[in-house]
Amino acid sequence: MSALLEFDDLHYTFPGSAIPALRGASLSIASGQRIALLGRNGAGKSTLLLHANGILRPAAGQVRLDSAPLEYTRRGLLRVRRQVGLVFQNPDDQLFSASVLQDISFGPINMGLSLAEVRRRVAEAADLCGISNLLDRPTHALSGGQKSLVALAGVLAMAPRILLVDETTSGLDPWMRHQIFAIFDRLVEQGVTVLLATHDLTVARQWADTVVVMHEGRVIASAPPVQVFADPDLRALLGPAP
Ligand SMILES: Nc1ncnc2c1ncn2[C@@H]1O[C@H](COP(=O)(O)OP(=O)(O)O)[C@@H](O)[C@H]1O
Ligand SMILES: [Mg+2]
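Quick caveat, the model's predicted, so the values are computed rather than measured.

(A) Inspection of the coordination of the magnesium ion (ligand 2) at higher detail. Ser46 (OG) and Gln89 (OE1) make up the full set of protein donors to the magnesium ion (ligand 2), lying at 2.1 to 2.3 Å. Linking Ser46 in helix H1 (residues 45-52) with Gln89 in the loop between strand E6 (84-87) and helix H3 (100-110), this pair joins segments that are 43 residues apart in sequence. Overall, Ser46 belongs to the partly exposed group, its relative accessible area being 23%.

Put into structure tokens, the structure is as follows:
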């Protein structure tokens, strides 16, 4: 299985912080995987994901897409961002346009697609995420869960090969959660890799085929759920498994 996205020995410290957020984090991601990214608060999950599409640049180490190191130029970043979609932990960090329609359109327009193609993708993504009725609404007037769905639709409209979702699913009602997981499953069938950073051990156990565990800025496990949850040290770290 050749790697689609690789994190190789990443080190990163936030400006002004005394403690490194990543201390040699390495992980290899292949096509068509369902990955749950686990780890205690502050383990480095969000920081790792922000390196996946070049929002953060490592102080040392390398991120590779299809074996090629990321290029932190405008062109290089555009290339990685059309393939690696990231839904932020906090949708307020992601949404900045006046209306939902504008927000979902932003990515596809930036990709240089035709207006007709942009419209088609926006309508499709909004429909998938159950927010077609919100397109004319101002983003600031939405609920937290609705904002998360808009952020997800904006990323889906770019048709990424890897979808990284940072804890977003926790704020959704059970019906919407079910819908979203159905979307994830469909994407995986199409060969897309879906990675969810989550504290939901049931999701990790039942949905994921690979569970990745981070601790203190490193990846300390990447294995099938049965293997991870059979490990007493990992269980002690993650808390009582369902
Ligand atoms: N914007 C930031 N500025 C300074 N430190 C940060 C910032 N974001 C995260 N950190 C720190 O980096 C470490 C990793 O955080 P994070 O990646 O958010 O962990 P997780 O997503 O696993 O909860 C923590 O020690 C956290 O306090
Ligand atoms: Mg986080």
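(B) Structural view of the sheet that holds strand E9 (residues 210-215). Strand order in this open sheet of six strands is E6-E7-E8-E3-E9-E10, and the pairing throughout is mixed. The open sheet terminates on both sides in strands that have one partner only, identified here as E6 and strand E10 (218-223). Strand-to-strand twist in this sheet, taken as the mean axis angle between neighbours without regard to direction, amounts to 15°. Pairing analysis gives four bridges linking E6 to strand E7 (residues 162-166), with the strands arranged parallel. When the sheet's bridge partners are listed, Val84 is paired in E7 with Ile162. Packing of H1 onto the sheet brings it into contact with strand E3 (34-38), E6, E7, strand E8 (193-197) and E9, and relative to E7 it is tilted by some 150°. The sheet contacts of helix H6 (residues 174-189) involve E3, E7 and E8, and relative to E8 the element is tilted by about 145°.

(C) Molecular detail of the site of ligand 1. Around ligand 1, a shell composed of Phe14, Ala21, Arg40, Asn41, Gly42, Ala43, Gly44, Lys45, Ser46 and Thr47 is seen. Between ligand 1 and Lys45, the relevant distance is 2.8 Å, taken from an oxygen atom to a side-chain nitrogen or oxygen of the residue. Contact distances for ligand 1 include 2.5 Å between an oxygen atom and a side-chain N or O atom of Thr47. About the coverage of ligand 1: the protein hides 61% of its 560 Å² of free accessible area. In the shell around ligand 1, the residues fall into three nonpolar, five polar and two charged.

(D) Examining the packing of H3 against helix H4 (residues 115-128) more closely. Here H3 crosses H4 at 125°, and the two axes come no closer than 9 Å. Classified by the interaxial angle, the pair formed by H3 and H4 is oblique. The handedness of the crossing between H3 and H4 comes out as right-handed. Within the contact between the two elements, H3 uses Leu101, Ile104, Ser105, Pro108 and Ile109 and H4 uses Val118, Val122 and Ala126.

(E) Just the side chain of Glu167, in detail. Structurally, Glu167 is set in the loop between E7 and H6. Look at Glu167: it is buried, it has no salt bridge, and the nearest opposite charge is Lys45 at 4.4 Å.

(F) Layout of H1. Counting buried residues along H1, six of its eight residues qualify, which places the element largely inside the surrounding structure. After H1 finishes, the residue Gly54 shows a positive phi value of roughly 80°.

(G) Geometry of the layout of surface pockets. Here the largest pocket defines a volume of roughly 570 Å³. In terms of lining, the largest pocket is formed by 26 residues, of which the most central are Arg81, Gln94, Phe106, Gly107 and Met158. Those elements that provide at least two residues to the lining of the largest pocket are helix H2 (74-83), E6, H3 and helix H5 (144-156). Here the lining of the largest pocket is composed, by residue class, of 15 nonpolar, six polar and five charged. Roughly 290 Å³ of volume is contained in the second largest pocket.

Rules and cut-offs
- Residues numbered from 1 in each chain as written.
- Chains lettered and ligands numbered in written order.
- Predicted model: local features only at pLDDT ≥ 70, side-chain atom pairs only at ≥ 80, totals over all residues.
- Heavy atoms only, no water.
- Donors = N, O, S within 2.8 Å, 3.2 Å for Na, K, Ca; no water.
- Helix = DSSP H or I, 4+ residues; strand = E, 2+ residues; numbered from the N terminus.
- Buried < 20%, exposed > 50% of the residue type's maximum accessible area, 1.4 Å probe, protein only.
- Pairing = 2+ DSSP bridges.
- Axes fitted to C-alpha atoms, helices over the stretch in contact; angles between N-to-C directions.
- Contact = heavy atoms within 4.5 Å.
- Near = heavy atom within 4 Å.
- Polar contact = N/O pair within 3.5 Å; in protein donor to acceptor, adjacent residues only side chain to side chain.
- Areas by Shrake-Rupley, 256 points an atom, 1.4 Å probe, with all protein chains shown as cover.
- Nonpolar A, V, L, I, M, F, W, Y, C, P; charged D, E, K, R; others polar.
- Parallel < 35°, antiparallel > 145°, perpendicular 65-115°, else oblique.
- Left-handed = near helix turned anticlockwise from the far one by under 90°.
- Lys, Arg positive; Asp, Glu negative; His and termini not counted.
- Salt bridge = Lys/Arg side-chain N within 4 Å of Asp/Glu carboxyl O.
- 1 Å grid on protein atoms, 1.4 Å probe; cavity = no way out; pocket = protein on both sides within 12 Å on 5 of 7 lines; lining within 4 Å.
- Points joined across faces, edges and corners; volume = space filled by probe spheres on them.

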